[in-house]
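Structural description and commentary
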Amino acid sequence: MSTKLITKEGHEALKKELDYLWREKRPDTTRKVTWAASLGDRSENADYQYNKKLLREIDRRVRYLRKRLEDMRVVEYMPEQEGKVFFGAWVDIENEQGDTKRFRIVGYDEIYERMDYISIDSPMARALLRKEVDDEAIVQTPGGEMCWWITGIEYIR
């Protein structure tokens, strides 16, 4: 099984979500299922059916998070990274038309609900890795090649 990379902040967020689901959300939902089951006929009991379904979803997510957290390697900042694009870097780029973008290169499990994060496996991240400020990065896109210049690199310590 391969190890997945994650930033320290991403790892802490997943652990926090797991803790919340296991210690708060699941016990609360279990109480609701027990209460709804005590009312009698479960086949037409919407509270019972909804909360039972929610409990299955919580359990599925808990299993997923536990498995993922076991298989992850937290990547921390190292001074040798300074000045070059590596995992965890905030990167500023600009193209020929003057369009600018700023994003952070992170692991797959961190990109959701964040418009300013991209996966280390994305074509953009792969094109930028090991580059320095003022370097050119050619990104292969479905519409053809795009050329971007790196205007800034920053790491959170």
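Conventions and cut-offs
- Residues numbered from 1 in each chain as written.
- Predicted model: local features only at pLDDT ≥ 70, side-chain atom pairs only at ≥ 80, totals over all residues.
- Heavy atoms only, no water.
- UniProt positions renumbered as here; feature names shortened; annotations may be inferred.
- Helix = DSSP H or I, 4+ residues; strand = E, 2+ residues; numbered from the N terminus.
- Core = buried A, V, L, I, M, F, W, Y, C linked by side-chain atoms within 4.5 Å.
- Buried < 20%, exposed > 50% of the residue type's maximum accessible area, 1.4 Å probe, protein only.
- Contact = heavy atoms within 4.5 Å.
- Phe/Tyr/Trp six-rings, centres within 6.5 Å; stacked < 30°, edge-to-face > 60°.

As annotated in an unreviewed UniProt entry, the protein carries the name Transcription elongation factor GreB and is attributed to Pseudomonas brenneri. The heading Sequence similarities (unreviewed entry) in the UniProt record of the protein holds the text "Belongs to the GreA/GreB family. GreB subfamily."

**Topic: the UniProt feature "domain: Transcription elongation factor GreA/GreB N-terminal" (unreviewed entry) in the protein**
As annotated by UniProt and renumbered to match this structure, "domain: Transcription elongation factor GreA/GreB N-terminal" (unreviewed entry) occupies residues 5–74. For the annotated span residues 5–74, helix accounts for 79% and strand for 9% of the residues, and the straight-line distance between the end C-alpha atoms is 6 Å.

**What about the nonpolar core?**
Ranked by internal contacts, the top residues of the largest apolar core, which has 20 residues, are V91, I93, F103, I105, M124 and L128. The set of elements that each furnish at least two residues to this core consists of β3 (90–95), β4 (100–106), α3 (123–128), β6 (136–141) and β7 (144–154). Counting residues per element, this core draws most heavily on α3, which supplies 4 residues. Those residues within four positions of I105 in sequence are excluded, and the remaining contacts are V85, F86, F87, G88, A89, V91, I118, I120 and A125. Core analysis: the next-biggest nonpolar cluster, separate from the first, contains 10 residues, I6, L21, L65 and L69 among them.

**Some words on the packing of aromatic side chains**
Under the counting rule described, the total for this entry stands at 3 aromatic pairs. On the basis of an interplanar angle of 65° and a centroid distance of 5.8 Å, the ring pair of W90 and Y117 is categorised as edge-to-face. Here W90 is found in strand β3, whereas its partner Y117 is found in strand β5 (residues 117–119), with 27 residues between them in sequence. When its relative accessible area of 14% is taken as the criterion, Y117 is described as buried.

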